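Listed below, chain by chain, are the residues.
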Amino acid sequence: MTVFIVRRLLQAFLVVWAMSFLVFVGVNLVGDPVEMMVNDEADQEERERVIKAMGLDKPWYVQYLHFVGRAFQGDLGKSFVYGEESLGIIVERMPATFELALAALLMAIIIGIPLGVYSGLRPGSRISKVIMAGSILGFSLPTFWVGLMFIMVFAVMLGWLPSTGRGDVVPIMGINVSFLTIDGLSHLFLPALNLALFKISLVIRLARAGTREIVHQDYIKFARAKGLSTNRVVLVHLMKNIMIPVVTVLGLEFGGLIAFSVVTETVFAWPGMGKLIIDSIQNLDRPVIVAYLMIIVLVFVIINLVVDVLYSVLDPRVRLQDVKA
Amino acid sequence: MYMRKTLAYAAAVAAISLAPVVQAQTLTIGLGTEPTSIDPHFHNLGPNNQIAQHFFSRLIEQDHKQNLLPGLATSWKPLNELTWEFKLRKGVKFHDGSDFDADDVIFSMHRAGNHPNARSSFGLYTKAASTIKKIDSHTLHFISKKPYPLMAVDLSNVHIVSANEKDKWEGDYNNGSSAFGTGPYKVGKWVKGEVLEMVRYDGYHGDKPHWEKIIIKPIKSAPSRLAALLAGDVDFIDQVPTVDIARLKTNDKVQLSQGVSNRVIYLHMDQFRDNPEFVKTHDGKPVTKNPFKDVRVRKAVNMAINRTAIVERVMEGVAIPAGQLLPEGFFGRSANLPVPKYDPAGAKKLLAEAGYPNGFQVTLHGPNDRYINDAKIVEAIAQMLTRIGIKTTPDTMPKSVFFKHGKNRGPAKPPKWNFLLVGWGSGTGEPSSPLRSLLGTYSKPKGWGSSNRGLHSDPEMDKVLDEALATVDDNKRAALLAKATEIGVGRNQGIITLHYQVNTWAGKKGLTYKARTDERTTGFLVTPSK
Amino acid sequence: MKTVAENIALGAAAGDKTEAVETPFERFRASFFASKVASVALVVLCSLIFVAVFAGFISPTNPYDLAQVSVLDSKLPPGAKSFEGTAFWLGTDGAGRDLLSAMIYGLRISLGVGVMSGIVAMIIGAAFGLIAAYFGGRTENIIMRIVDIQLSFPAILVALILLAILGKGVDKIIIALIIVQWAYYARTVRGSALVERNKEYIEAATCLAIGHRRILFRHLLPNCMPPLIVVGTLQTASAISLEATLSFLGVGLPVSEPSLGLLIANGFDYMLSGKYWISFFPGVALLITIVSINLVGDQLRDVLNPRLER
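Remember, it's a predicted structure, so these values are computed and weren't measured experimentally. Counting of residues starts from 1 at the beginning of each chain's written sequence and follows it residue by residue. Each chain gets a letter, beginning with A, and each ligand a number, beginning with 1, in the order they are written. Only residues with pLDDT of at least 70 get local features here, since the model is predicted, and only at 80 or more are side-chain atom pairs given and counted; chain-wide, interface and lining totals rely on the full set of residues. Each side-chain value is worked out from all heavy atoms of the structure, with water and hydrogens disregarded.

**Side note on the overall build of chain B**
Right, on to step 1. The helix and strand tally for chain B stands at 17 helices and 20 strands.
Right, on to step 2. The reference for a compact globule is 2.2 Å times residues^0.38; the radius of gyration itself is calculated from the C-alpha atoms. Here chain B has a C-alpha radius of gyration of 24 Å; the compact-globule value for 530 residues is 24 Å, and the two agree.
Right, on to step 3. Seen through its principal axes, chain B has C-alpha atoms that stretch 75 × 55 × 40 Å.
Right, on to step 4. Classification of the 530 residues of chain B by burial places 61% in the buried group.
Right, on to step 5. The criterion used for residue contact is that any of the two residues' heavy atoms lie within 4.5 Å. Counted over contacts in chain B with a minimum sequence separation of 6, partners at least 24 positions apart contribute 69%.
Right, on to step 6. Note on areas: Shrake-Rupley, 1.4 Å probe, and residue coverage restricted to the protein chains presented here. In the form shown here, chain B has an accessible surface area of approximately 19,600 Å², with 53% of it arising from carbon and sulfur atoms.
Right, on to step 7. Both charge centroids of chain B, one from 70 positive and one from 52 negative side chains, sit 3 Å from each other. Secondary structure is summarised from DSSP: a helix means a run of H or I of at least four residues, a strand means a run of E of at least two, and numbering begins at the N terminus for each. Any residue under 20% of the maximum accessible area for its type is buried, any over 50% is exposed, and the rest in between are partly exposed; the area is computed with a 1.4 Å probe on protein chains only. Under the counting rule used here, the positive set is Lys and Arg, the negative set is Asp and Glu, and His together with the chain ends is not counted. The atom standing in for a charge is NZ when the residue is Lys, CZ when it is Arg, CG when it is Asp and CD when it is Glu.

Spelled out as structure tokens, the structure:
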């Protein structure tokens, strides 16, 4: 197990390094950050000063070597736009994104599992057909379009929920969270639902497939024959058995939620990492783009690793091998 | 970090205990932009400067029409051609309780010009004053090497910080630990991308502002910003999309304030190269002669543009057709440059006279995320020029890409584009800024022509402008600036001006705001109407 | 997105093909059209493709020909007439283009980008998947490691970073979508090729000393086709959706040639002012396109994978 984890971490390091190189070189080819920064009225002398202040007067490989040197000391460079450590800027925005992703995950489970189990138990019923049709829609609807429609309907036409932003936050252990205030919750609802939509469909399908497979297995038949009520059978046995695949998949999908929050955050002006990366791409804030990528790679590696390890703990039949990256 | 935590905590406690009555003293503003730092000398850019003026004062303030008003200086006057005397206000205190005096001004001028990390420094406003002499604790002499009439205007752009905060840079200002100014508001908490809170400073030297607290929420997407206003999440927004204005005017819960800005949208034409890459003959072959070098062609382009159609259909009536660099009411404007008349037949004739009866082909480049409706204006112009035979392909791109290839590094490295749409806001509120940067012959030592993307050059205009920039007498200078404009824009058609942007703010009914020509949103000038 | 494609791929790969009673194609056709929904979806999809291919003949105007477009006609509601008297059935957009024409051309770009990137990605992915399965050992290890690493990142993230590096443009978004997608195909093909490789007929072929290339392309590949087609269909839908999303985020296509996604994004600016049609109709078109492809793909999977009961 230790060997496995060490190998995986080494591999992760390699991936982070390779990607940072590609992205560092890549973003250096796009656009001219100095032209984005300086005031229109700045003269030639001023422009040259800014180029120097941002370290852009040196060739890219020198810049890259500087970057690598500093990166080993935990310094990923200063943001062009904010003039502060890019790492700090990203970490500052992390809680908002994680809160959104977790809320979406919760929604996916709360909405998805009952619907999925229901349609798995009564596959022929009209309601099941509606649920399944809904899940196809959930897969097909582009997230951004649904988000726009949500704002249009719930915020503008009906005026039930706020359109954008994060609302009131309360600090817990120095981290600002918004789910503890009514205002915060009302701001959280639409973006979380928007982000969850795709995962709800996914959970519906997983739960349905799991249910259908399990209802035909002997122990459920046996439980029923023993005279246990249907509710109890469904609740206890079935749930226990379909939770494993659902949890595993959702664990992996959490990363996907963080990635897709880029879209939701842009639509709802949610102040998380996703919006930061879009803004940074538009403003050519190279250090932040590179740092974001490195952090996100790290987050993914950790999530995958945790899921693999958990999985092997949950299901002893799985042995940890170096088969899955 | 500790500071930020405590601030956040205090704010959270305040949020819980705030009664609705107190809420009425709070103004929430949705802004399309966000400052990159609270440090007023870090980044000389609109979004930063408009926030900075809440926390910091300047020697001279600008009113909503960019007229100069006394600020931390109560009076200023030129003593001779080279020396300006500034009398400072007495009894002013910084947010940290320390007194304001001449040393703070000298410190701020030096800091503004020499900020090591500045993304765009204020050096262009401070460098004219080569010496600053302290006469007494509240009198200063600003001395320049050459006669410099723009001294007062330039200094109205520089914010004054406390000399106690030496060697503190943007980070210390951002977290609030060093951001002590003399402005009407103190820095509350700032969570980037989310919220910036301002708390009223009771020791402010000017009129006491109405709002106890101003909350700034950056909402970049224009429709979302408007939706936030309509849904009641914010009280006031800037940069209202032009397309929504007509409908908002009939909404009795919303009050609009509109006003022309100092920003003109215009076209550059390559008047330098002989084989421009993006100009082709009418049948698509490379050209041997650059048509834009012929003033008749430039004039034909000018006449082929239907400014009224652009203003009405693309800008929804929210713009003013332009025939020169600044709109009515500004200093140094020419009285002899009316808006060019739309005359496609005349344009066609002129084009034929210049030797292009069949027209030619050209690509018009423009940004699509920089000015109001920029990409649509580019498309509209392409449509209009195509109709007189100049087959124009519109090519718009994000500003990050556009300005990379649109920047001018002089005759050795001219911009890649040959025909491009750009905008220019005059920070000085008079035409010397666009004349110098857009039409003046490229010269690094003089600092001219840095945005002269068509590489226009006319020694005669340069001479008039030089003379204007050395004339301290206002009336004489105004006449010279008008003359330079008439040569550069009128006679030479060095650039083709399209329209002045009109900016629109929207607030809940009962809030008034005087639209500013400098496009800034100033929270404490939003007032409840009585 | 990954998991779905993966499940489908694995499911399809694992499903053995039972002996055909009639010709396999007839059987396939019969079971495909057994679902009414899928049949309708197929008809819709075919007509969309037809419209996209013959856009130049079907579309009332050419939205890219500036001589035909005038700002004076911008933002007209559906059914309005231009000053020259022609009617705009679905209204016009912000630049004065006939929205119906813009949508037809936009559909062409959306489908074109989706299909083009899908085909190239499929070829590249299938090649690597086959090589990995057939040769095994080190080659397989390296290829599959890269596939795994890439698949552990969501497509949107990879595409976003690629476009941050590449910049905007039709060619660039196609490249980005190819890079994002090839790994799915590689994994699918390898999965089913592994199953086939261990079968006797391949062993027999190997014993007969038939060349690698012949075994790969004549024997292995055809047997991997069914899952490949399923994944290909569903991937195309997600590629179209991804392109729309990226264009909405402002990193995809240039404004001058709007796809459906970009039309929606442009129309968003007008939605609150009551000019709903500029964003609404392209949204519906995009939705119909993606749903019909997904429905067809779903049905294909069910038909080609007998293990799942319908």
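**As for the interface of chain A and chain C**
Right, on to step 1. Each side of the interface is counted separately: chain A has 50 residues, and chain C has 40 residues.
Right, on to step 2. Here chain A packs against chain C, burying approximately 4,000 Å² in sum over the two surfaces, 77% of which is carbon and sulfur.
Right, on to step 3. The largest share of the area that chain A buries against chain C comes from Phe144, Trp145 and Leu148 of chain A, three residues that together contribute 15% of it.
Right, on to step 4. Throughout this description, the term salt bridge denotes a Lys or Arg side-chain nitrogen within 4 Å of a carboxyl oxygen of Asp or Glu. Linking chain A with chain C are one salt bridge, by the criterion used here.
Right, on to step 5. Each polar contact in these results corresponds to two N or O atoms within 3.5 Å; when the atoms are within protein, one needs to be able to donate a hydrogen and the other to accept it, and residues that are neighboring in sequence are counted only if both atoms are side-chain atoms. Where chain A meets chain C, there are three residue pairs in polar contact (both at pLDDT 80 or more).
Right, on to step 6. If you list the elements that add at least two residues to the side of chain A that touches chain C, you get α1 (2–29), α6 (126–140), α7 (143–157), α8 (182–215), α10 (230–268), α11 (273–283) and α12 (286–314) of chain A.
Right, on to step 7. The leading source of residues in the side of chain A that touches chain C is α10 of chain A, at ten residues.
Right, on to step 8. Residue type decides the class: Asp, Glu, Lys and Arg count as charged, Ala, Val, Leu, Ile, Met, Phe, Trp, Tyr, Cys and Pro as nonpolar, and the leftover types, Gly among them, as polar. Among the residues forming the side of chain A that touches chain C, the class breakdown is 36 nonpolar, eight polar and six charged. For any pair of parts, buried area is found by adding up, for both, the accessible area (1.4 Å probe) each one loses once the two are put together.

**Notes on the interface of chain A and chain B**
When the parts of a complex come together, some accessible area is lost, and that lost area is often taken as the interface size.
Right, on to step 1. In this assembly, 47 residues from chain A lie in contact with 58 residues from chain B.
Right, on to step 2. A buried area of about 4,500 Å², summed over both sides, lies between chain A and chain B, and 46% of it is on carbon and sulfur atoms.
Right, on to step 3. Broken down residue by residue, the surface that chain A buries against chain B is led by Asp40, Glu41 and Gln44 of chain A, which jointly contribute 17%.
Right, on to step 4. A salt bridge links Glu194 of chain B to Arg166 of chain A; the shortest N-O distance between them is 3.7 Å.

**Comments concerning the sheet that holds strand β6 (residues 129–136) of chain B**
Residues and elements named next belong to chain B.
Right, on to step 1. In space, the four strands of this open sheet follow the order β4-β5-β7-β6, with antiparallel pairing throughout. Of all strands in the sheet, those with a lone pairing partner are β4 (73–78) and β6, marking the two edges. Recorded for the sheet is a direction-independent mean angle of 20° between the axes of neighbouring strands.
Right, on to step 2. Here helix α4 (residues 102–114) sits on the sheet and contacts β5 (83–88), β6 and β7 (139–144); the angle it forms with β6, its principal contact strand, is near 170°. The rule for pairing is simple: two strands pair if DSSP sees at least two bridges between them. Axis lines are fitted through C-alpha atoms, for helices just across the contact stretch, and the angle between N-to-C directions can take any value from 0 to 180 degrees.

**As for the packing of helix α10 (residues 212–249) of chain C against helix α12 (residues 277–304) of chain C**
Residue and element names in this part refer to chain C.
Right, on to step 1. Between α10 and α12, the least distance of the axes is 9 Å, while the angle of their chain directions is 165°. Classified by the angle their axes make, α10 and α12 are roughly antiparallel. Handedness of the α10/α12 crossing: left-handed. Along the contact surface, α10 presents Pro226, Ile229, Val230, Thr233, Leu234, Ala237, Ile240, Ser241 and Ala244, while α12 presents Leu286, Thr289, Ile290, Ile293, Asn294, Val296, Gly297, Asp298, Leu300, Arg301 and Leu304.
Right, on to step 2. The residue makeup of the contact of α10 with α12, split by class, is 13 nonpolar, five polar and two charged. When an angle is under 35 degrees it counts as roughly parallel; over 145 it counts as roughly antiparallel; between 65 and 115 it counts as roughly perpendicular; any other value is oblique. Should the near helix be turned counterclockwise from the far one by less than a right angle, the crossing is left-handed, whereas a clockwise turn marks it as right-handed.

**Structural notes on a nonpolar patch on the surface**
All names here are of chain A.
Right, on to step 1. Patch criteria: residues need more than 30% relative accessible area and no salt bridge. Like-charged residues are merged within 9 Å; nonpolar side chains of Val, Leu, Ile, Met, Phe, Trp and Tyr are merged within 5 Å. On the surface, a cluster of nonpolar side chains totalling about 830 Å² of accessible area is made up of Phe13, Trp17, Phe21, Leu22, Trp60, Tyr61 and Phe72.
Right, on to step 2. Listing elements by their share of the nonpolar patch, those giving two or more residues are α1 and α4 (60–71).
Right, on to step 3. Counting residues per element, the nonpolar patch draws most heavily on α1, which supplies four residues.
Right, on to step 4. Take Phe21: it is sitting in helix α1.

**A word on helix α13 (residues 374–387) of chain B**
Residue and element names in this part refer to chain B.
Right, on to step 1. Residue count minus one, scaled by 1.5 Å, sets the expected span of a helix. Taking 1.5 Å per residue, 14 residues should reach 20 Å; α13 reaches 20 Å between its end C-alpha atoms and fits that length.
Right, on to step 2. Counting buried positions along α13 yields twelve of 14 residues, so the element is predominantly enclosed.
Right, on to step 3. Every buried residue of α13 is listed here: Asp374, Ala375, Ile377, Val378, Glu379, Ala380, Ile381, Ala382, Gln383, Met384, Leu385 and Thr386.

**As for the confidence of the model for chain C**
Residues and elements named next belong to chain C.
Right, on to step 1. Every residue is assigned a pLDDT by the predictor, reflecting its confidence on a scale from 0 to 100. When the pLDDT values of chain C are averaged, the result is 78; 85% of them are 70 or greater.
Right, on to step 2. Mean pLDDT across the secondary structure elements of chain C bottoms out at helix α1 (residues 2–14), with 42, and peaks at helix α5 (residues 99–135), with 89.
Right, on to step 3. Below a pLDDT of 50 lies the segment residues 1–20, which in the model reaches 35 contacts outside its immediate sequence neighbourhood of four places, other chains included.
Right, on to step 4. The model gives residues 306–310 a pLDDT under 50, and that stretch makes seven contacts with residues more than four places away or in other chains.
Right, on to step 5. Across the predicted assembly, pTM comes out at 0.80 and ipTM at 0.76.

**A short note on the side chain of Ser59 of chain C**
Residue and element names in this part refer to chain C.
Right, on to step 1. Relative to the elements of secondary structure, Ser59 occurs in the loop between α4 (55–58) and α5.
Right, on to step 2. A polar contact of 3.4 Å, which involves the side chain of Ser59, links it to the side chain of Ser101.
Right, on to step 3. Excluding its chain neighbours within four sequence positions, the residues that come into contact with Ser59 are Ser101, Ile104 and Tyr105.

**A look at the confidence of the model for chain B**
Parts of the model with low pLDDT should not have their predicted coordinates read in detail.
Right, on to step 1. Mean pLDDT for chain B: 89, with 95% of residues reaching 70 or above.
Right, on to step 2. Of the regions scoring below 50 in pLDDT, residues 1–22 of chain B engages in 17 contacts with residues more than four places distant in sequence or in other chains.

**Digging into the pairing of strand β18 (residues 495–508) of chain B**
All names here are of chain B.
Right, on to step 1. Of all 14 residues that make up β18, 13 are buried, and the element is covered over most of its length.
Right, on to step 2. The pairing of strand β11 (residues 236–237) with β18 spans two bridges and is classified as antiparallel. Bridging across to β18, Ile237 finds its partner in Ala506.
Right, on to step 3. Pairing geometry for strand β12 (residues 254–269) and β18, over twelve bridges, is antiparallel. When the bridges of β18 are listed, Ile265 appears paired with His499.
Right, on to step 4. Two strands pair when backbone bridges link them, and strand β14 (residues 319–321) and β18 are joined in this way by three bridges, in the antiparallel orientation. Within β18, the residue paired with Ala319 across the bridge is Gln501.

**Focus on the pattern of salt bridges**
Right, on to step 1. Counted according to the given criterion, the structure contains 37 salt bridges over all chains.
Right, on to step 2. Residues Arg200 of chain B and Asp202 of chain B are paired through a salt bridge, measuring 3.9 Å at the closest nitrogen-oxygen approach.
Right, on to step 3. Residue classification places Asp202 of chain B among the exposed residues on the basis of a relative accessible area of 65%.
Right, on to step 4. Between Asp294 of chain B and Arg296 of chain B there is a salt bridge, with the nearest N and O atoms lying 3.1 Å from each other.
Right, on to step 5. Via salt bridges that share partners, Glu35 and Arg47 of chain A together with Arg409 of chain B belong to a single interconnected network.

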